[in-house]
Amino acid sequence: MRDQRPDFTEFYQRSRDGCLRAVLVSVGDQDTAQDVVDEAFARAWASWRTVSRHPAPAAWVVRTALNANISRWRRRHREVPVPDPGLVADFPAVPWDSRGPGDPRIRAALMRLPVRQRQVVALRLFLDLDTRRTAQVLGIAPGTVKEHLGRALASLRDDLKPTYHQESPS
Amino acid sequence: MNDNELITAVRESFTGVHSTTPAAQIVKRGRAVRARRRVPAVAAAGAAAAAAVAVSVALTGSHPAAGHPPAGHPASGPGVVRLAAWTVTRQAGGSIKVTFREAADAAGLQRTLRADGVPASVTFTGGQNPACRPYTFSGSPSTPAGQPFRGPVNGLIGGPGFSANPKGAYTTPYALVISPSRLPSGAGLQIWTSGTPGAAGNFQLQVGVVQASPQCTGS
């Protein structure tokens, strides 16, 4: 049957967690990330003939999800005032799920990064895209990708370095 | 902490984040996306096909009855779809049929009617030509004695102006059959629209018999 697309299902099973994590780093809210990623995968299914030939289908999904998030913000913006998703990045970090595994300090530190740095981190670290592909997805120069990644890692390292408390002499 | 250790730590902090949406749900949503896309796609394909027909008519069509294909408003043979705003066809017996589909290119229609011997003023701007004066009927000189009166438009005339569309709203193709021989001497036709131009269903096509004059009907 035409609608049965086993290669899509395989792609979905393989990529969905990475795409969700990449989008989550960018949008900062797990429910929103899940919804826009689902929408992006649905669009990928609807255009699978094209998307399957994309050099990085997962990057296509992430880019589509991020665009969907912007569209959603614009729709909501016409109804009620909501913060620009680009500005949300600069809001105080709010861990999306404090009960989740891993180090909540790392996730909080990620959320304190500027949105473009977060996007670079998401694509490079969670989708394993190289510099050139990351630059293509984000529409920026490869040199800018390297610059953002370097600054992001520096900020994270600085943010996560152990804090030492000087013990007062007794 | 070096870069590799940092990257590993960042990745591990997300290991508990999983997508929980079943593939079947994505596929269902994908079908809805595809269905949404198909509606405008089908409409666009229809419009493209219609445009192709119109172009082919414009290139090959001739005016079989009147012998003059008005530019951009071609007539066509039987069974051929015609999509121009209006079509002017000279019929047997000398009558002229004007089929309206859209109130557009008033100047072209006016020029065509005048070329066919109908003193006419055509305006689609939502009002009458201020240069036109109503023609006052005093009988029909072209009506043979003992015959019922037959006017110059659709066999009728309702005075200086009447709604040409019996349904009131100009929403579907509508035809006027003009009989130039029934126009009184010194009279012409004024065709205009009332209401909002371009808003289908919200304006009426109007026809009136007016005094022929260079300012109104061109002669």
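Everything discussed here concerns the structure shown above.
What counts, and at which threshold
Residues numbered from 1 in each chain as written. Chains lettered and ligands numbered in written order. Predicted model: local features only at pLDDT ≥ 70, side-chain atom pairs only at ≥ 80, totals over all residues. Heavy atoms only, no water. Phe/Tyr/Trp six-rings, centres within 6.5 Å; stacked < 30°, edge-to-face > 60°. Helix = DSSP H or I, 4+ residues; strand = E, 2+ residues; numbered from the N terminus. Axes fitted to C-alpha atoms, helices over the stretch in contact; angles between N-to-C directions. Parallel < 35°, antiparallel > 145°, perpendicular 65-115°, else oblique. Contact = heavy atoms within 4.5 Å. Nonpolar A, V, L, I, M, F, W, Y, C, P; charged D, E, K, R; others polar. Buried < 20%, exposed > 50% of the residue type's maximum accessible area, 1.4 Å probe, protein only. Pairing = 2+ DSSP bridges. Buried area = accessible area lost by both parts, 1.4 Å probe. Salt bridge = Lys/Arg side-chain N within 4 Å of Asp/Glu carboxyl O. Polar contact = N/O pair within 3.5 Å; in protein donor to acceptor, adjacent residues only side chain to side chain.

Enquirer: Would you mind showing me how to read the packing of aromatic side chains here?
Expert: The description of an aromatic ring pair rests on the distance of the ring centres and on the angle between the ring planes. Residue and element names in this part refer to chain A. One pass over the full model with this rule turns up 7 aromatic pairs over all chains. Measuring from centroid to centroid gives 5.2 Å for Phe-8 and Trp-48, while their planes differ by 85°, and the two rings are edge-to-face. Here the residue Phe-8 occupies a position in helix H1 (residues 6-27), and Trp-48 occupies one in helix H3 (residues 48-51), the gap between them amounting to 40 residues. Chaining the aromatic ring pairs together yields one cluster made of Phe-8, Phe-11, Tyr-12, Phe-41 and Trp-48.

Enquirer: I keep staring at the packing of helix H7 (residues 115-126) of chain A against helix H1 (residues 3-12) of chain B and nothing clicks. Help me out?
Expert: Helix-helix packing is characterised by the crossing angle of the two axes and by the distance between the axes. The N-to-C vectors of H7 of chain A and H1 of chain B enclose an angle of 90°; their axes lie 11 Å apart at closest approach. Between H7 of chain A and H1 of chain B, the crossing angle belongs to the class labelled roughly perpendicular. Residues Arg-124, Leu-125 and Phe-126 of chain A of H7 of chain A form the contact with H1 of chain B, whose participating residues are Ile-7, Val-10 and Arg-11 of chain B. Of the residues in the contact of H7 of chain A with H1 of chain B, the class split is 4 nonpolar, no polar and 2 charged.

Enquirer: Could you clarify how one ought to interpret the pairing of strand S2 (residues 96-100) of chain B in this entry?
Expert: A regular strand places its side chains on the two faces of the sheet in alternate fashion. All names here are of chain B. Burial analysis of S2 places 4 of its 5 residues in the buried class, which makes it a mostly covered element. In this structure, strand S1 (residues 86-90) lies alongside S2, joined through 5 bridges in antiparallel fashion. Directly across from Thr-89, in S2, lies its bridge partner Lys-97. Where S1 hands over to S2, the hairpin turn is made up of 5 residues, of which Gly-93 adopts a positive phi near 90°.

Enquirer: When you look at the interface of chain B and chain A in this model, what are you seeing that I'm missing?
Expert: Interface size, as often reported, equals the accessible area lost upon joining of the parts. Taken residue by residue, the interface counts 29 residues in chain B and 38 residues in chain A. Across the chain B/chain A interface, buried area totals approximately 3000 Å², and carbon plus sulfur atoms make up 58% of it. For the interface between chain B and chain A, the tally reads 4 salt bridges. In this structure, the salt-bridge partner of Asp-128 of chain A is Arg-11 of chain B, at a minimum N-O distance of 2.7 Å. Taken together, chain B and chain A are joined by 15 residue pairs in polar contact (both at pLDDT 80 or more).

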